[in-house]
Amino acid sequence: MALSDNTKGALLMMGSMAAFTFNDALMKSLAGDVPLVQAIFLRGLVASALMVSLAAWQGALRLKLSRQDGGLLALRTAMEIAAVFLFLSALFNMPIANATAILQALPLTVTLAAAVLFGEAIGWRRAVAIGVGFFGVLLIVRPGTEGFTIYSLYALGAVVVVTARDLAVRRMSGALPSVTVATYAALGVTVAAGIVSFTQPWVTLTLPQVLTLAAAALCLMMAYFLSVAVMRMGEIAVVSPFRYTAIVFALILGVAAFGERPDAITLSGAALVVATGLYTLWRERVVAASRASDAV
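Below or above, wherever it landed, is the structure these notes cover.

Cut-off values and rules
- Residues numbered from 1 in each chain as written.
- Predicted model: local features only at pLDDT ≥ 70, side-chain atom pairs only at ≥ 80, totals over all residues.
- Heavy atoms only, no water.
- Phe/Tyr/Trp six-rings, centres within 6.5 Å; stacked < 30°, edge-to-face > 60°.
- Helix = DSSP H or I, 4+ residues; strand = E, 2+ residues; numbered from the N terminus.
- Buried < 20%, exposed > 50% of the residue type's maximum accessible area, 1.4 Å probe, protein only.
- Lys NZ or Arg CZ within 6 Å of the ring centre and 35° of its normal.
- Expected span 1.5 Å × (residues − 1).
- Patch = residues over 30% accessible without salt bridge, like charges linked within 9 Å, V, L, I, M, F, W, Y side chains within 5 Å.
- Areas by Shrake-Rupley, 256 points an atom, 1.4 Å probe, with all protein chains shown as cover.
- Salt bridge = Lys/Arg side-chain N within 4 Å of Asp/Glu carboxyl O.
- Core = buried A, V, L, I, M, F, W, Y, C linked by side-chain atoms within 4.5 Å.
- Contact = heavy atoms within 4.5 Å.
- Bend = angle between axes of the 7 residues up to and from the residue.

**Some words on the packing of aromatic side chains**
In the structure shown here, the tally under the stated rule is 6 aromatic pairs. Where Phe 41 meets Phe 198, the ring centres are 5.8 Å apart and the plane angle is 70°; that geometry is what we call edge-to-face. Taken together, the positions of Phe 41 in helix 2 (residues 36-57) and Phe 198 in the loop between helix 8 (178-197) and helix 9 (207-230) put the pair 157 residues apart, joining distant regions of the chain. Judged by relative accessible area, Phe 198 falls into the exposed class, the value being 60%. Pairing Phe 198 with Trp 202 gives two aromatic rings, centres 5.4 Å apart and planes at 15°, and the pair type is stacked. Each residue in the set Phe 41, Phe 198 and Trp 202 is aromatic and connected to the rest through ring pairs, giving one cluster. Sitting over the ring of Phe 258, Lys 28 keeps its end group 5.5 Å from the ring centre.

In structure tokens:
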């Protein structure tokens, strides 16, 4: 039986989240053995080569950009660089499920930021959902407790800069291919990590570490490719909720690869973040349908 576009889109989204999470787990496995910036730089060399090849193959590599798209692309790339360093710094020093769960607050922060900066109406229902979702993040982070560290703030900082990154994408023209955006991001992160890495001591890599970095680069490229493909398959409102499968993958990998077992409070916070994120996405779909009906 042929799969519907929405089913294909959901599978692509889950594949993208799995690839991102496996990339995170592979990078985390190098913590303590390979300096963070060295790992990012070496992974980036492979990932950038793959992304440039993919963009060239699809005929989507754009070198000439409008002033507006060029500025927004530069802003997005800068935010991507900050996000990678913040999130991986957190990931190297906290459970993978916790870091992943905090990052799932993105639909809430993007909705709130769009309302504050662009004047997009959110209504009281989504405002309440955002508040509950942020309470869920607090349950995961738990400031003031023994489990709270500076790396919890790094994860929260990653949410802030990724929110800015996604808002920049909203202002880009439709003439700028998604693959081009992802390619410039990969190149920007690699160059930034390379500059920083050469100011710090390097370590000699073992063969397993080289293979781990190569596998992480491959997973990252697959994640970018699938995340682009999913935008062309199915309805975004139907497909987007499947991004939360990242938490499931992170929980499984956390237990299997690192022996991490989140406590009940952390799991409750993650559940609140997911539930409110799903509700926010659903309300956005309802509001959009209502506006379309009114326009007709």
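**Regarding helix 8**
Under the 1.5 Å per step criterion, the end-to-end length of helix 8 is 28 Å for 20 residues, consistent within 8% with the ideal 28 Å. Of all the 20 residues making up helix 8, 14 are buried; the element is thus mostly covered by neighbouring parts of the structure.

**Concerning a nonpolar patch on the surface**
A contiguous nonpolar patch, built from Leu 112, Val 116, Leu 117 and Phe 118 and spanning about 360 Å² of accessible area, is present on the exposed surface. Its location among the elements puts Val 116 in helix 5 (residues 106-118).

**Overview of the nonpolar core**
Ranked by internal contacts, the top residues of the largest apolar core, which has 48 residues, are Met 27, Ile 40, Leu 88 and Ile 102. Setting aside anything within four residues of it in sequence, one finds Met 27 in contact with Ala 39, Ile 40, Arg 43, Leu 88, Phe 92, Leu 213 and Ala 216. Residues Ala 47, Met 51, Ala 182 and Ala 186 belong to the second largest nonpolar core, which totals 9 residues.

**Considering helix 2**
Given a rise of 1.5 Å per residue, 22 residues ought to cover 32 Å, and the 31 Å separating the end C-alpha atoms of helix 2 matches this to within 8%. At Gly 44, helix 2 is bent by approximately 25°, the largest bend along its length. Gly 59 occupies a position one or two residues after helix 2 and carries a positive phi of about 65°.

**What to know about the pattern of salt bridges**
The full count for this structure, using the stated rule, is 5 salt bridges. Residues Glu 80 and Arg 76 are paired through a salt bridge, measuring 3.3 Å at the closest nitrogen-oxygen approach. Of the two residues, Glu 80 and Arg 76 both sit in helix 3 (residues 67-91), 4 residues apart, roughly one turn of that helix. Here the two residues Glu 80 and Arg 76 agree in accessibility, since each one is buried. Linking Asp 166 and Arg 165 is a salt bridge whose minimum nitrogen-to-oxygen distance equals 3.1 Å. The class for Asp 166 is partly exposed, based on a relative accessible area of 23%. By relative accessible area, which is 16% here, Arg 165 ends up buried. Connected through salt bridges with shared partners, the residues Arg 76, Glu 80, Arg 165 and Asp 166 form a single ionic network.

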